[in-house]
Amino acid sequence: MLCLNSSPVLNSLEVKIRESIPSHAEHIGIINAGDGRLARGFSTHTGSERVFSLVEPRKHMHRYLGEWDGVGSAAWDAAWYRERVERHGPFDALVFYQLNFCWEGNLIELFDITDLLKPTGRCWVTFINATAFQVQGTLHPPASLVADTLFHPMRLCPQIDYGSFSSALQLGEKPVFQVWGLLDRNAFDFCNKPNEDAQRQERYLTSKDWKTAIKSIGDAFLYGASVVGIEFGPKGGPSAAAQPQFTGTEFNASLFQSLVVPYPELLRGDADLLVAMREAKSWREGNIPAVSNLVSFFVAQIEQPESVQTALLVGGGWGKDALLLQKIKPEWNWNLVDASAGKLSAGKDLLERAGITAQTFDPQEPLPFADGTFDIVISAGYFSTIYAPLAEHLARESLRVSRQGVYHLENAGGPDRSMIFKAYSLAEVYRGLNANTQQHSLAADAQTTDMYFLKAAKKNRSRNGS
């Protein structure tokens, strides 16, 4: 069963990893295997006869990995790795994908597992760079960057930084072959224009209270890389004295999101918040996306728009969708609610400047509004990421606080197919609440997509409902 929430196309970091694995590799291990997308990408590269040993700590994701036997669920269970080596031979390659999701100071265990590589084997470790997020998030730079910090992950969030990990590899005598980074623009320019020595002193990463010069390639990856990938080998292996090659891709919000939260089921508060912070930061810097045809289409489906004065966006995150919707209907009074106070804080200044009212809601409580407060209630993808009990609760509340109706633009590949609780149909939820519904799928280039439009209204309010 494939995970319909993730793209089958490998992102640029995954392509980099895949291309570094030799075609003759016989045994590949992937930790944090997700829905198996990366493993399938390796299969097409190395051939279908290779053995894959996969670890996925979130057991509800195992249903997407049915084509592989013996999937592990504990990232640091050395006995499991040894058993796989006894059955299939030493590893040609190990990939610890987004290590920060399962890191608890496991440096010794990591090195024990990498000792199961062949002498010519390679290990990739990728992680969100804690240092870059401390710096770029206007927090203070770290006081120390040594391997000891890896044993105290509570000192860092999200737990691993590039400087400490590089130091640990040196102490462990692990040769480093490649370093990849998702880079800040200044850091990216530094790495790709090495001959412009005269300008190096003038390249800075800046924040509200400080600035730091990018003077070396180490600085570029230490302070400018949001996500880092490091390829290294076993102690004493060939080419131990090789100089690592540094490559990177310039930061963009969509790639960052695909690297940090590739699967909606795996969303953690910190990763989801980091995405919101980076998107809002990009917006402030003037990287404002154009209003898409999809958003324009959505607004065009709202009945009697001339009678609408107030609108509520449920699950609006930091406010990107509300800001784009306001561009189409600036005369409406826009409001949004989200369960995450952190995400709302990330876009607070942008929303206040636009005159959009935003507040949090408690998923266990009624929405903080009186009956019929808004003319319409809208969701743009939010109901595609929540479980049936919360969807039922919010559908009831959306009907309660709206006067004219509730409008949804959702993805059928969300809760209907991939959530771990009971599958449900949002239209059936509304019909169970004695509401009229209109639903139709969206088509692009004459092809039906997974997106659908749904309107729900109280029966005494709707004229055209079915």
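Refer to the structure above for everything that follows.
Structure report, in brief. These numbers were taken from a predicted model, which means no experiment stands behind them. (Residues numbered from 1 in each chain as written. Predicted model: local features only at pLDDT ≥ 70, side-chain atom pairs only at ≥ 80, totals over all residues. Heavy atoms only, no water.)

## Here we look at the sheet that holds strand β8 (residues 225-232)
Rules: In short, DSSP must find at least two bridges between two strands for them to pair. Helix and strand definitions follow DSSP, with helices as H or I runs of at least four residues and strands as E runs of at least two, each counted in order from the N terminus. All axes here are fitted lines through C-alpha atoms, helices being fitted over the stretch that makes contact, and every angle between N-to-C directions spans 0 to 180 degrees. In what follows, residue pairs with any heavy atoms lying within 4.5 Å of each other are defined as contacts.
Within the open sheet, the seven strands sit side by side as β2-β1-β3-β4-β8-β5-β9. Their pairing is mixed. The open sheet has two edge strands, β2 (51-55) and β9 (245-250), and neither has a second partner. Neighbouring strand axes in the sheet, compared pairwise and without regard to direction, differ in orientation by 15 degrees on average. Note that strand β5 (residues 176-183) and β9 share six bridges and pair parallel. The residue bridging Trp180 from the neighbouring strand is Thr247, located in β9. Strands in contact with helix α3 (residues 78-88) are β1 (27-31), β2 and β3 (91-96); relative to β2, the strand with the most contacts, it is inclined by about 170 degrees. Sheet contacts for helix α6 (residues 162-171): β4 (117-128), β5, β8 and β9; angle to β8, the most-contacted strand, approximately 10 degrees.

## Things to note about the packing of aromatic side chains
Put simply, the rule reads: Geometry of aromatic contacts follows a simple scheme: Phe, Tyr and Trp rings, the Trp one being its six-membered ring, pair when their centres are within 6.5 Å, and the pair is stacked under 30 degrees between planes, edge-to-face over 60, tilted otherwise. Relative accessible area decides the class of each residue, using a 1.4 Å probe on protein chains only: under 20% of the type maximum gives buried, over 50% gives exposed, and in between gives partly exposed. Lysine NZ or arginine CZ positioned within 6 Å of the ring centre and within 35 degrees of the ring normal marks a charge as sitting over the ring.
If you walk through the whole model with that rule in mind, you get 14 aromatic pairs. For the pair Phe298 and Phe453, a centre-to-centre distance of 6.2 Å together with 70 degrees between the ring planes defines the contact as edge-to-face. Taken together, the residues span a long stretch of sequence, with Phe298 in helix α12 (residues 293-300) and Phe453 in strand β16 (residues 447-458) at a distance of 155 residues. Each member of the pair, Phe298 as well as Phe453, carries the same accessibility label: buried. Chaining the aromatic ring pairs together yields one cluster made of Trp76, Phe96 and Trp103. Across from the ring centre of Phe177, 3.8 Å away, lies the NZ or CZ of Arg122, which sits over that ring. A cation sits over an aromatic face here: Lys174 above Phe111, 5.0 Å from the ring centre.

## Re α6
What counts here: We define a polar contact as two N or O atoms separated by no more than 3.5 Å, with the added condition that, inside protein, one atom must be a possible hydrogen donor and the other a possible acceptor, whereas residues neighbouring each other in sequence contribute only through side-chain atom pairs.
Most of α6 is tucked away: seven of the ten residues are buried. Those residues of α6 not exposed but buried are Tyr162, Gly163, Ser164, Phe165, Ser167, Ala168 and Leu169. In this structure Asp161 caps α6, since a side-chain oxygen of it lies 3.1 Å from the backbone nitrogen of Gly163. Positioned one or two residues after α6, Glu173 has a phi angle of 55 degrees, which is positive.

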